[in-house]
Amino acid sequence: MSKHYYIGLMSGTSLDAIDAVLVNFNGDHIELVHSLSATLPATLKTQVLELCGGTADEIELLGKLDRELGKLFAQAALDLCKSAGISPIEIRAIGSHGQTVRHRPPDEQRVNDMAFTLQIGDPNTIAEISGITTVADFRRRDIAAGGQGAPLVPAFHVAAFSQVGIERLIVNIGGMANISLLKADGEVIGFDTGPGNVLMDSWIMHCQGHTFDRDGAWAQSGKLNQDLLETLLQDPYYSVHGPKSTGREQFNLAQLLTVLESLPRIPPADVQATLIELTARSICDAIGQCSQKGSEVFICGGGSANQALYSRIQALLTGHKVATTEALGIHPDWVEAAAFAWLAKQNIMNLAGNVPAVTGAKGPRILGAVHPG
């Protein structure tokens, strides 16, 4: 059987690492061959967060980080090849999501002509260093086609996880959370539900200097604050119907601190417990609004490893079967990177890479721009 190797590179809102996967696509068969995770240097992460929040001389910093991340992405691809025992010349293409530094999708206040999204991690640098054709700018392509620019993974979820006659939901919990509803009749619905790990990670970094709350242990030491939860759930984003997408621009530490200042003092651990409930509730509310009882729910992304969050989602989704995507053959840590390998394959083969009803785009589009290696 011939091999059709593609690499997917993903660096998400959480900014914890570059995920790299080697995937073999043969017809409808998707084989995850090898994977690795390359931790982002702490200084680089700090600079990216500064850029996301707004800083002096932004263009200079953006250009510097664009090249620096491009080099790191290229090295991750080469390290992946070496670890897998595969020569780079055997790779047909790399699909690189890039690192989002600003996301302004179309909404009621921002018509499509004013919408934009920006990811850095220069694909020209990736292609030049790796020698591998690189496909990138997926989100920008979808915005240009009239879409939200996110989520881009539902079409891959259809290819990898759908089953005729069975309704499934794929829940990706990264910095932000999104769902793909794969209906039994073939219809697909997908959108960002709101914050995934981003507020929990930001709060524990603010209070304790840790990058994340392992297994939700700190959250479990606190208790839910109902006033805080109800205030956070008043954010207008939750009442908007999809297609919709969001990012750090809407859900961030500054926003959380503003809310906390409006309420009587809440113990920090109670805030963390409430943030877990916010993520779980917003995901489960969205699932309840668009799916049928008894549908299968499969969770992926970094949030799937937070046992407190995972258990809370299970408790809220009574009547649903809940598991991780490992039950469907792909470890939850690698689903999103595999999706960008698939999108690269779709682009190289001149096939559509999006679901118009999900992103709001005008029609099926071949997402991404090619940078020859």
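Remember, predicted model here, so these are calculated numbers, not experimental data.

Asks: Got a minute to help me understand the pairing of strand 4 (residues 91–96) in this structure?
Replies: Side-chain direction in a regular strand flips from residue to residue, so the side chains alternate between the two faces of the sheet. Summarising burial for strand 4: five of the six residues are buried, a large majority. Two elements, strand 1 (residues 5–10) and strand 4, share five bridges in a ladder whose sense is parallel. Its bridge partner lying in strand 4, Tyr5 is registered against Ile91. Pairing between strand 4 and strand 7 (residues 134–136): two bridges, direction parallel. Bridge pairing in strand 7 links Ile94 to Thr134.

Asks: What's the story with the nonpolar core in this structure? I'm lost.
Replies: Nonpolar side chains in soluble globular proteins tend to end up buried together. Counting residues in hydrophobic clusters, the biggest one holds 78 residues, and the most contacted among them are Leu275 and Ile313. The greatest single-element share of this core, amounting to eleven residues, is contributed by helix 10 (residues 268–290). In this structure, Ala20, Leu61, Cys81 and Val101 belong to the second largest nonpolar core, which totals 29 residues.

Asks: I'm lost on a nonpolar patch on the surface in this one. Help?
Replies: Taken together, the side chains of Ile348, Met349, Leu351 and Val370 define a hydrophobic patch exposed on the protein surface, amounting to about 320 Å² of accessible area. With respect to the helices and strands, the residue Ile348 is situated in helix 12 (residues 335–348). Under the relative-accessibility criterion, Ile348 is labelled partly exposed at 37%.

Asks: What should I look at first to understand the sheet that holds strand 13 (residues 369–371) in this one?
Replies: Working definition: the strands of a sheet are paired by backbone hydrogen bonds and lie parallel or antiparallel to each other. Taken together, six strands build an open sheet; the order of strands is 3-2-1-4-7-13 and the sheet is mixed. In this open sheet, the two strands that pair with only one neighbour each are strand 3 (29–39) and strand 13. Strand-to-strand twist in this sheet, taken as the mean axis angle between neighbours without regard to direction, amounts to 20°. Across the sheet, helix 3 (residues 123–130) touches strand 4, strand 7 and strand 13, and the angle it forms with strand 7 is around 165°.

Asks: Help me understand helix 6 (residues 198–208), please; the structure alone is not making it clear to me.
Replies: The α-helix advances 3.6 residues per turn, and as a result positions three or four apart in sequence lie on the same side. Taken residue by residue, helix 6 has Val198, Leu199, Met200, Asp201, Ser202, Trp203 and Ile204 as its buried positions. Considering only its buried residues, helix 6 is in contact with strand 9 (176–182), strand 10 (188–195), helix 7 (217–220), helix 9 (253–261), helix 10 and helix 11 (307–316). Backbone geometry just after helix 6 places Gly209 at a positive phi near 80°.

Asks: What should I look at first to understand the packing of aromatic side chains in this one?
Replies: The relative placement of two aromatic rings is captured by the distance of their centres and the angle of their planes. Per the counting criterion, the structure on display carries seven aromatic pairs. Grouped by ring-pair contacts, the aromatic residues Phe156, Phe161 and Trp342 constitute a single cluster. Lying across the ring of Tyr237, Lys244 places its NZ or CZ 4.2 Å from the centre. Sitting over the ring of Phe25, Lys345 keeps its end group 5.4 Å from the ring centre.

Asks: Whenever I open this one, the side chain of Asn306 confuses me. Can you help?
Replies: The topology assignment puts Asn306 in the loop between strand 11 (296–300) and helix 11. Once residues within four sequence positions are removed from consideration, Asn306 is found in contact with Met200, Asp213, Asp215, Gly216 and Ile276.

Asks: Please explain empty space enclosed by the protein as it appears in this structure.
Replies: Under the counting rule described, the total for this entry stands at one cavity of 30 Å³ or more. The computed volume of the largest cavity comes to approximately 40 Å³. What lines the largest cavity is simply Pro151, Leu152, Pro154, Ala155, Gly353, Asn354, Val355, Val358 and Thr359. Breaking the lining of the largest cavity down by element, the ones donating at least two residues are helix 5 (154–161) and helix 13 (356–359). Broken down by class, the residue content of the lining of the largest cavity amounts to six nonpolar, three polar and no charged.

Asks: Can you help me understand the side chain of Lys244 in this one?
Replies: Position of Lys244 among the secondary structure elements: in the loop between helix 8 (226–232) and helix 9. Despite its burial, Lys244 pairs with no opposite charge, the nearest such side chain being Asp235 at 8.4 Å. Among the polar contacts made by the side chain of Lys244, one reaches the main-chain carbonyl oxygen of Tyr237 at a distance of 2.8 Å. Those residues in contact with Lys244 that sit more than four places away from it in its chain are Gln148, Ala150, Pro151, Phe191, Asp192, Tyr237 and Tyr238.

Asks: What's the story with the environment of Ile59 in this structure? I'm lost.
Replies: Residue placement: Ile59 occurs in helix 2 (residues 58–84). Taking relative accessible area as the criterion, Ile59 reaches 75% and is therefore assigned exposed. The sequence separation of Ile59 and Ala341 amounts to 282 residues, and the corresponding C-alpha distance is 30 Å.

Asks: Please clarify how the pairing of strand 2 (residues 17–26) should be interpreted in this entry.
Replies: Across the ten residues that make up strand 2, a large majority, eight, are buried. Across six bridges, strand 1 lies against strand 2 in antiparallel orientation. Looking across to strand 2, one finds that Gly8 is bridged to Val21. What sits between strand 1 and strand 2 in their antiparallel hairpin is a turn of six residues, with Leu15 showing a positive phi close to 60°. Where strand 2 and strand 3 come together, ten bridges link them in antiparallel fashion. Looking at strand 3, one finds that Ile18 is bridged to Ala38. Hairpin remark: strand 2 followed by strand 3, antiparallel, with two residues in the connecting loop; positive phi at Gly27, about 65°.

Conventions and cut-offs
- Here the residue numbers are simple positions, counted from 1 along each chain's written sequence.
- Per-residue local features of the predicted model are confined to residues with pLDDT of at least 70, and side-chain atom pairs are confined, for both listing and counting, to 80 or more; whole-chain, interface and lining totals are unaffected and use all residues.
- To obtain the side-chain values, all non-hydrogen atoms of the structure were used and water was disregarded.
- Accessibility here uses a 1.4 Å probe with only protein chains present; expressed as a share of the type maximum, an area under 20% marks a residue as buried, one over 50% as exposed, and anything in between as partly exposed.
- Put simply, DSSP marks the helices as runs of H or I at least four residues long and the strands as runs of E at least two long, and each gets a number from the N terminus on.
- In this description, strands pair whenever DSSP reports at least two bridges between them.
- Among buried residues, the Ala, Val, Leu, Ile, Met, Phe, Trp, Tyr and Cys ones that are joined through side-chain atoms within 4.5 Å form a nonpolar core.
- To count toward a patch, a residue needs a relative accessible area over 30% and no salt bridge; like charges are then connected within 9 Å, while nonpolar side chains (Val, Leu, Ile, Met, Phe, Trp, Tyr) are connected within 5 Å.
- All accessibility values rest on the Shrake-Rupley procedure with a 1.4 Å probe; residue burial counts only the protein chains present in the view.
- We define a salt bridge as a side-chain nitrogen of Lys or Arg found within 4 Å of a carboxyl oxygen belonging to Asp or Glu.
- Axes here mean lines fitted to C-alpha atoms, for a helix over just the part in contact, with angles spanning 0 to 180 degrees between N-to-C directions.
- Residues are treated as being in contact if the distance between any of their heavy atoms lies within 4.5 Å.
- The aromatic pairing rule takes the rings of Phe, Tyr and Trp, using the six-membered ring of Trp, and pairs them if the centres are within 6.5 Å, calling planes under 30 degrees apart stacked, those over 60 edge-to-face and the rest tilted.
- Remark: a charge is flagged as sitting over a ring if the NZ atom of Lys or the CZ atom of Arg is within 6 Å of the ring centre and within 35 degrees of the ring normal.
- In this analysis the probe radius is 1.4 Å and the grid spacing 1 Å, with only protein atoms considered; a cavity is a set of points the probe fits into but cannot get out of, a pocket is an open set with protein on both sides within 12 Å along at least five of seven lines, and lining residues have an atom within 4 Å of a point.
- Grid points are joined across faces, edges and corners, and a volume is the space filled by probe spheres set on the points.
- Each residue is assigned to one of three groups, with Ala, Val, Leu, Ile, Met, Phe, Trp, Tyr, Cys and Pro labelled nonpolar, Asp, Glu, Lys and Arg labelled charged, and all others, Gly among them, labelled polar.
- Neither His nor the chain ends is counted toward charge; the positive residues are Lys and Arg and the negative residues Asp and Glu.
- Pairing of N or O atoms within 3.5 Å defines a polar contact, subject to two protein rules: one partner must be a possible hydrogen donor and the other a possible acceptor, and residues neighboring in sequence count only if both atoms are side-chain atoms.

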